[in-house]
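Take a look at the letters that make up each chain.
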Amino acid sequence: MADVPVLDDLLEEDGQERAPRLRLSRRGVVVVGVLAALVAGTLGWLVFLSSALDVRTVAVQGLDSGHLSEDEVRRAVGAEQDRPLARVDLAAVERRVAAVPRVAGVEVWRGWPHTLRVKVTERRAVAAIHTEQGRFVQVDAGGKEFADEAQPPDGVPVVELQLSQQANEALGVIDRPALVRAAVVVAAGLPADVAKRAGALQVHSWDDIRLQLRDGVTVRWGSQDRTPRKAAVLTALLGRKAANYDVSAPDAPAVSG
């Protein structure tokens, strides 16, 4: 009896059936290419040129101080409404929002299909500088001045220059801006509960900065040097009721009154 013919072109070496191959004619290849180009072009037009995916909402997040409004942020964002979301220059929007004085940081991203999302980090005042004009300039922990108001914000010390004669004579070496910056460093390093009780941060000289609490307590801080250590020592000392605390030499603090 004759052997059954084996179809080599339908069997693999391991005996498994081969998958049939799909072959396109040249015309088929052209048709598929045209269709792919049409789909890509339609999608490109839909995303980048049509109004189907326009920006309809600018959603602002992160505002919690009550000093910066969503409308202010939207004005900084600019005229992005009613344009394709895909064509918004996110980096340019970030730069414009970051230029708002009260903004410390910003992130911008696309929220498909119609939302431009803006997350803002607001600046936080650690001190207010009492100016010669009677105004109060708010300063953040990085020394950035970002607001000028008639009254100081609550919960931060007011920096006041009450320079000694020696400090005035040394202004050519250590000028007023440098003295103010030193006071801001101290303010930024204050424990939160102390900052809330703070009244004035008086600068008598580079190494004679004093903190006046609202209850009349005086803290002699000295210079800005070793501020974290001084803050830790002061926190421990405040458990002892007194009128005067001296942390200018934090390894040998003193309490009196």
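Residues numbered from 1 in each chain as written. Predicted model: local features only at pLDDT ≥ 70, side-chain atom pairs only at ≥ 80, totals over all residues. Heavy atoms only, no water.

Colleague: What should I look at first to understand the overall build of the chain in this one?
Modeller: Broken down by element type, the chain carries seven helices and twelve strands. Counting every atom, the chain has about 15700 Å² of accessible surface; 53% of that belongs to carbon and sulfur. (Helix = DSSP H or I, 4+ residues; strand = E, 2+ residues; numbered from the N terminus. Areas by Shrake-Rupley, 256 points an atom, 1.4 Å probe, with all protein chains shown as cover.)

Colleague: Just to check I follow, could you spell out the packing of helix α2 (residues 70–77) against helix α3 (residues 90–98) for this structure?
Modeller: Angle between the axes and distance between the axes are the two parameters that describe a pair of packed helices. For the pair α2 and α3, the least separation of the axes is 8 Å and the interaxial angle reads 130°. It follows from the interaxial angle that α2 and α3 lie oblique. The hand of the α2/α3 crossing is right-handed. Along its contact with α2, which presents Val73, Ala76 and Val77, the element α3 presents Val93, Arg96 and Val97. Here the residues of the contact of α2 with α3 are counted per class, giving five nonpolar, no polar and one charged. (Axes fitted to C-alpha atoms, helices over the stretch in contact; angles between N-to-C directions. Parallel < 35°, antiparallel > 145°, perpendicular 65-115°, else oblique. Left-handed = near helix turned anticlockwise from the far one by under 90°. Contact = heavy atoms within 4.5 Å. Nonpolar A, V, L, I, M, F, W, Y, C, P; charged D, E, K, R; others polar.)

Colleague: Is there a simple way to think about the sheet that holds strand β6 (residues 145–149) in this case?
Modeller: Backbone-to-backbone hydrogen bonds pair the strands of a sheet. The strands run either parallel or antiparallel. The strand order across the open sheet formed by nine strands is β6-β5-β4-β7-β8-β9-β10-β11-β12, and the pairing between neighbours is mixed. The open sheet is flanked by β6 and β12 (254–256), the only strands paired with a single partner. Neighbour-to-neighbour, the strand axes of this sheet turn through a mean angle of 25°, independent of strand direction. Where strand β10 (residues 218–222) lies against strand β11 (residues 244–246), three bridges are found, and the strand directions are parallel. Following the sheet pairing, Thr218 is matched in β11 by Asn244. Its contacts with the sheet place helix α5 (residues 176–188) against β4 (127–130), β5 (136–139), β7 (158–161), β8 (198–205), β9 (208–213) and β10, and it is angled at close to 140° to β8. (Pairing = 2+ DSSP bridges.)

Colleague: What am I meant to see in the sheet that holds strand β1 (residues 57–61) here?
Modeller: The three strands lie next to each other as β1-β3-β2, forming an open sheet whose pairing is mixed. Of all strands in the sheet, those bounded by a partner on one side alone are β1 and β2 (103–111). Taking the axes of each pair of neighbouring strands and ignoring which way they run, one obtains an average angle of 20° across the sheet. Bridging between β2 and strand β3 (residues 115–122) involves eight bridges; their strand directions are antiparallel. Opposite Val103, over in β3, you have Glu122 as the bridge partner. Across the sheet, α2 touches β1 and β3, and the angle it forms with β1 is around 125°. Lying over the sheet, α3 contacts β2 and β3, oriented at roughly 150° with respect to β2.

Colleague: Whenever I open this one, unusual backbone geometry confuses me. Can you help?
Modeller: Following Trp112, the chain continues into Pro113 via a peptide bond in cis, with omega recorded as 10°. By the secondary structure assignment, Pro113 is in the loop between β2 and β3. Phi is positive for Arg226, close to 60°, though the residue is something other than glycine. Locating Arg226 in the fold gives a position in the loop between β10 and α7 (227–237).

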